[in-house]
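Summary of structural features
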Amino acid sequence: MITKKTTLIELAAITSDALENSRITATLSGGAAVSIYTDNRYESFELDFVTAALVNELKIALEPLGFQHTGRPTLSVFEHPQSRWYLEFPPAPLSFGGTYVDPSDCKLIDTGLGSLRIITPTHSIMDRLIAAAAWNEPQSLEQAVLVAEAQASNVNWSALDEWVDREGIGGDKEVIEFYRRIGRKHPNG
């Protein structure tokens, strides 16, 4: 049951589990993943679950939990009267720049309230770096640094470096600043 005391990770797990039980594959991404990986050093109020499911399928899975579809029919935003967080469902495929990720390559976290399908810490950094580079967005750069610091031992650094090279963003000032701030050698330098 979702109450005002339900935490972000609990809400994410309850939602993810309900979706999986309805045979909907949805992967938590975006700022909520940053919140989880940084123990709320960055706080998001939106839980982005990337999915190929249609709004009507989502309604069937989420309404029993008390969520109501509040977006226009083409927008997949759901709110719960007991929660300050809301759900949004960006369309699949799950990608970071031009790199597509299969949901099965993401993490499954068992929370005791259900399993949460979430992007990995490496994916989370990719997600934030591509936003920082594409939109010159300082907030996304800060989030990438927070995840890198909090999850350093869980980041696949060689995969991240290869991704930076493949995406062609190694020369972007935000990416250079990211590597400088975390104290790692830039893949191109």
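Residues numbered from 1 in each chain as written. Predicted model: local features only at pLDDT ≥ 70, side-chain atom pairs only at ≥ 80, totals over all residues. Heavy atoms only, no water.

1. Regarding the confidence of the model for the protein chain
The share of residues in the protein chain with pLDDT of 70 or more is 99%, and the mean pLDDT across the chain is 94. Averaged pLDDT values for the elements of the protein chain fall to 90 in strand E8 (residues 107–110) and rise to 98 in strand E1 (residues 26–29). (pLDDT = per-residue confidence, 0-100. Helix = DSSP H or I, 4+ residues; strand = E, 2+ residues; numbered from the N terminus.)

2. Considering the environment of Ser124
Topologically, Ser124 is positioned in helix H4 (residues 121–135). Along the primary structure Ser124 and Tyr37 are separated by 87 residues, whereas in three dimensions their C-alpha atoms are 8.7 Å apart. If we skip the residues at most four places from it in the chain, Ser124 touches Ala33, Val34, Tyr37, Ile119 and Val147. (Contact = heavy atoms within 4.5 Å.)

3. Brief notes about the nonpolar core
Taken as a class, soluble globular proteins show a tendency for nonpolar side chains to be buried jointly. Judged by nonpolar contacts, the single largest core of 59 residues is most densely connected at Leu47, Phe49 and Phe178. Those residues in contact with Phe49, other than ones at most four positions away along the chain, are Ala12, Thr15, Ser16, Leu19, Ala26, Thr27, Leu28, Leu87, Glu88, Phe89, Pro90 and Leu116. (Core = buried A, V, L, I, M, F, W, Y, C linked by side-chain atoms within 4.5 Å. Buried < 20%, exposed > 50% of the residue type's maximum accessible area, 1.4 Å probe, protein only.)

4. Remarks on the environment of Ala13
Structurally, Ala13 is set in helix H1 (residues 8–21). The spacing of Ala13 and Phe89 is 76 residues in sequence and 15 Å in space, taken between C-alpha atoms. Leave out the neighbours within four places in its chain, and Ala13 touches Thr111, Gly114, Ser115 and Leu116.

5. Section: the pattern of salt bridges
Tallying each qualifying case throughout the model produces six salt bridges. A salt bridge links Arg181 to Glu142; the nearest nitrogen and oxygen atoms lie 2.7 Å apart. Taken as a pair, Arg181 in helix H7 (residues 173–182) and Glu142 in helix H5 (residues 138–150) lie far apart in primary sequence, 39 residues in all. You can call Arg181 partly exposed: its relative accessible area is 31%. (Salt bridge = Lys/Arg side-chain N within 4 Å of Asp/Glu carboxyl O.)

6. So, the packing of aromatic side chains
The final tally for this structure, using the stated rule, is three aromatic pairs. Their ring planes at 90° and their centres at 5.7 Å tell us that Phe78 and Phe89 sit as a pair that is edge-to-face. Of this pair, Phe78 sits in strand E4 (residues 77–79) while Phe89 sits in the loop between strand E5 (86–88) and strand E6 (95–96), and the two are 11 residues apart along the sequence. For the pair Phe78 and Phe89, one class covers both residues: buried. With a centroid separation of 5.3 Å and 80° between ring planes, the pair formed by Phe178 and Tyr179 is classed as edge-to-face. On the basis of relative accessibility, which here comes to 1%, the residue Tyr179 falls in the buried class. Among the aromatic residues, ring-to-ring pairing joins Phe49, Phe78 and Phe89 into one connected group. (Phe/Tyr/Trp six-rings, centres within 6.5 Å; stacked < 30°, edge-to-face > 60°.)

7. Here's the deal with the pairing of strand E2 (residues 46–51)
Across the six residues of E2, five count as buried, placing the element largely inside the fold. Of the pairings in the sheet, the one linking E1 to E2 comprises four bridges and is antiparallel in character. Residue pairing in the sheet places Thr27 in a bridge with Val50 of E2. One ladder, built from three bridges, connects E2 with E5; its direction is parallel. The partner of Asp48 across the bridge, within E5, is Glu88. (Pairing = 2+ DSSP bridges.)

8. A word on the layout of surface pockets
In this structure, the largest pocket encloses a volume near 340 Å³. Surrounding the largest pocket, 22 residues form its lining, Gly30, Asp127, Arg128, Ala131 and Trp135 being those nearest its centre. Residue assignment for the lining of the largest pocket shows that the elements contributing at least two residues are helix H2 (30–37), E2, E6, H4 and H5. The leading source of residues in the lining of the largest pocket is H4, at six residues. Partitioning the lining of the largest pocket into residue classes produces nine nonpolar, eight polar and five charged. When its volume is computed, the second largest pocket comes out at roughly 170 Å³. If you go around the second largest pocket, you meet 13 residues; those closest to its centre are Thr74, Ser76, Phe89, Pro90 and Pro91. Residue composition of the lining of the second largest pocket, by class: nine nonpolar, three polar and one charged. (1 Å grid on protein atoms, 1.4 Å probe; cavity = no way out; pocket = protein on both sides within 12 Å on 5 of 7 lines; lining within 4 Å. Points joined across faces, edges and corners; volume = space filled by probe spheres on them. Nonpolar A, V, L, I, M, F, W, Y, C, P; charged D, E, K, R; others polar.)

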